[in-house]
Amino acid sequence: QVQLVESGGGLVQAGGSLRLSCATSGRTFNIAAMAWFRQAPGKEREFVGGIMLSIGNTDYADSVKGRFTISRENAKNTVYLQMNSLKPEDTAVYYCAATAIPLRIFTTPRSYAYWGQGTQVTVTS
């Protein structure tokens, strides 16, 4: 099993920044890719961005390109989501997810077997 624990959420004004962390433990050698999703009240869970752990390539949703950056620190088994120029529409619960499927960065939640508990991000105008 793989355990994921997010941290770093909070309240920030529009235009501000936050950095989320996702620490992994357990059978981490199985993990091929990790991703961040978010879910706002009344909306479906949506892909934010992902990273292939072996080669570090990333992919982002159009809504966050140029503002959000995903990075990894393999020695700490941790993935980060740096969020800049935050907007009120970025308000959501942010989830970290992991998959053992090695082919590519998947953008659908069902492709990820492991999930964190989520961390709230609130952006005020």
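Everything below is about the structure shown above.
A. The arrangement of the pattern of salt bridges in detail. All chains considered together, the criterion is met by five salt bridges. Note that R38 and E46 form a salt bridge whose closest N and O atoms lie 2.6 Å from each other. On the accessibility criterion, R38 (6% relative accessible area) is buried. Taking the shortest distance from any N to any O, the salt bridge between E73 and K76 comes out at 3.9 Å. With a relative accessible area of 54%, K76 lands in the exposed category. Through salt bridges with shared partners, one network takes in R38, E46, R67 and D90.

B. Just the packing of aromatic side chains, in detail. What the rule picks out here adds up to five aromatic pairs. Relative to W115, the ring of Y112 has its centre 6.4 Å away and its plane inclined at 70°; by these criteria the two rings are edge-to-face. In this structure Y112 comes out as buried when scored by relative accessible area, which is 4%. Clustering of aromatic rings is evident, with ring pairs tying together F37, F47, Y95, Y112 and W115. Taking NZ or CZ as reference, R45 lies 3.7 Å from the ring centre of Y95, over its face.

What counts as what
Residues numbered from 1 in each chain as written. Predicted model: local features only at pLDDT ≥ 70, side-chain atom pairs only at ≥ 80, totals over all residues. Heavy atoms only, no water. Salt bridge = Lys/Arg side-chain N within 4 Å of Asp/Glu carboxyl O. Buried < 20%, exposed > 50% of the residue type's maximum accessible area, 1.4 Å probe, protein only. Phe/Tyr/Trp six-rings, centres within 6.5 Å; stacked < 30°, edge-to-face > 60°. Lys NZ or Arg CZ within 6 Å of the ring centre and 35° of its normal.

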